[in-house]
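Working through the structure, step by step
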Amino acid sequence: MKTMFITGASSGIGAATAKRAVEAGYNVALAARSKDKLDGLVEELGTEQALAVSCDVTDFASQQQAAKAAMERFGSIDVAFANAGVGASGSGTAGGKPEEWDKMVRTNVLGVIYTVKATHEAVIAARGHFLITSSGAGRKIIPGSVYGATKWAMSGYGANLREEMRDKGVKVTLIEPGMVNTPFFDDPKPDAMAADDVARAVIYAISQPENVLAGEIWVEPLNR
Ligand SMILES: NC(=O)c1ccc[n+]([C@@H]2O[C@H](COP(=O)([O-])OP(=O)(O)OC[C@H]3O[C@@H](n4cnc5c(N)ncnc54)[C@H](OP(=O)(O)O)[C@@H]3O)[C@@H](O)[C@H]2O)c1
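Residues numbered from 1 in each chain as written. Predicted model: local features only at pLDDT ≥ 70, side-chain atom pairs only at ≥ 80, totals over all residues. Heavy atoms only, no water.

Some remarks on the site of the ligand
In the vicinity of the ligand there are 31 residues, among which Ser11, Arg33, Ser34, Tyr147 and Thr182 approach most closely. One nitrogen or oxygen atom from the side chain of serine 10 is found 2.7 Å from an oxygen atom belonging to the ligand. Within the side chain of lysine 151, a nitrogen or oxygen atom sits 2.9 Å from an oxygen atom of the ligand. Summarising the interface, the protein chains cover 93% of the accessible area of the ligand, which totals 870 Å² for the free molecule. The residue makeup of the shell around the ligand, split by class, is 14 nonpolar, 14 polar and 3 charged. (Near = heavy atom within 4 Å. Polar contact = N/O pair within 3.5 Å; in protein donor to acceptor, adjacent residues only side chain to side chain. Areas by Shrake-Rupley, 256 points an atom, 1.4 Å probe, with all protein chains shown as cover. Nonpolar A, V, L, I, M, F, W, Y, C, P; charged D, E, K, R; others polar.)

This is how it looks when you write it as structure tokens:
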């Protein structure tokens, strides 16, 4: 049985992906800071297939611990989904807040690179798959968006990682959602996609034949 390691699994896209992955026959290691939410999800998914691993993605040692716990429990990490991310309330550089940029860069950029580093030996051994949640904001110009810049960084990192991993038989997919109705936003976004819409894109990427690489999946609401 294959195992998916998911960061940002306590909510939104990560939690929806965990549900779809279990349905597709994967074990899931669920990483995030909110242990209570992860425990609730494990209860829902069943302890046979799901494990909660508390983890702060901005702390490399914490990610190493989480990956180790997943390996000890399930014996492999075939898919690592680096999905944890945060936004900012400030607008642009003029109106932005340096403390929010610090958190965003450490979570959205370093956190993703740490996930890949912490899991790479297992994923390479499995000839597996990395997925990174970038964003439509990492593919288009959004005036002033510092958040978007962290996602552009991930579009570049993911593309470079894809070439680093290609001859190891490891796939790298960038998931690039437009607006998704999740707790990422303070207010509901009824016209946005649902988290499950993105989860299905993740399952699509990992369900391709061995010789087929879905390198980037940009999904967005039709009526944006
Ligand atoms: N919603 C959108 O419109 C949208 C569009 C494009 C891309 N995205 C991206 O999609 C990803 C998931 O976002 P979402 O919409 O599902 O939002 P969400 O519901 O707010 O989920 C964010 C997840 O990231 C985790 N997280 C945040 N900081 C963390 C840290 N330091 N260590 C560990 N986990 C951390 C949170 O868990 P804890 O708080 O429990 O740690 C939570 O599970 C993010 O990378 C986001 O940038 C979202």
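Here's the deal with the packing of helix 1 (residues 12-23) against helix 6 (residues 195-206)
Where helix 1 contacts helix 6, the axes come no closer than 8 Å and their chain directions differ by 55 degrees. For the element pair helix 1 / helix 6, the angle class is oblique. Pair helix 1 / helix 6 crosses with right-handed handedness. Contact residues: helix 1 offers Gly12, Ile13, Ala16, Thr17, Arg20 and Ala21, while helix 6 offers Ala195, Asp196, Val198, Ala199, Arg200, Val202 and Ile203. (Axes fitted to C-alpha atoms, helices over the stretch in contact; angles between N-to-C directions. Helix = DSSP H or I, 4+ residues; strand = E, 2+ residues; numbered from the N terminus. Parallel < 35°, antiparallel > 145°, perpendicular 65-115°, else oblique. Left-handed = near helix turned anticlockwise from the far one by under 90°. Contact = heavy atoms within 4.5 Å.)

Examining the packing of aromatic side chains
Per the stated rule, a full pass over the model turns up 3 aromatic pairs. Between phenylalanine 60 and tyrosine 114, the ring centres sit 5.4 Å apart and the planes meet at 50 degrees, which makes this aromatic pair tilted. With phenylalanine 60 in helix 3 (residues 60-74) and tyrosine 114 in helix 4 (residues 98-125), this pair connects stretches of sequence that are 54 residues apart. Measuring from centroid to centroid gives 5.5 Å for tyrosine 147 and phenylalanine 184, while their planes differ by 55 degrees, and the two rings are tilted. Of this pair, tyrosine 147 sits in helix 5 (residues 146-166) while phenylalanine 184 sits in the loop between strand 6 (171-177) and helix 6; the two residues are 37 residues apart in sequence, bridging distant segments of the chain. Of the residues examined, phenylalanine 184 reaches a relative accessible area of 37% and is grouped as partly exposed. Members of the aromatic cluster, connected to one another through ring pairs, are Tyr147, Phe184 and Phe185. Between lysine 189 and the ring centre of phenylalanine 185, over which it is positioned, the NZ or CZ distance is 5.3 Å. (Phe/Tyr/Trp six-rings, centres within 6.5 Å; stacked < 30°, edge-to-face > 60°. Buried < 20%, exposed > 50% of the residue type's maximum accessible area, 1.4 Å probe, protein only. Lys NZ or Arg CZ within 6 Å of the ring centre and 35° of its normal.)

Considering the sheet that holds strand 1 (residues 3-7)
Strands in a sheet are paired, the pairing made by backbone hydrogen bonds, and the direction either parallel or antiparallel. Read from one edge of the open sheet, 7 strands run 3-2-1-4-5-6-7, paired in parallel fashion. On the outer flanks of this sheet lie strand 3 (50-54) and strand 7 (216-219), each paired with one strand and no other. For this sheet the average axis-to-axis angle between neighbouring strands, irrespective of direction, equals 15 degrees. In this fold helix 3 packs onto strand 1, strand 2 (27-32) and strand 3, with an angle of close to 160 degrees to the strand it touches most, strand 3. Lying on the sheet, helix 5 is in contact with strand 5 (129-133), strand 6 and strand 7; it crosses strand 6 at an angle near 160 degrees. (Pairing = 2+ DSSP bridges.)

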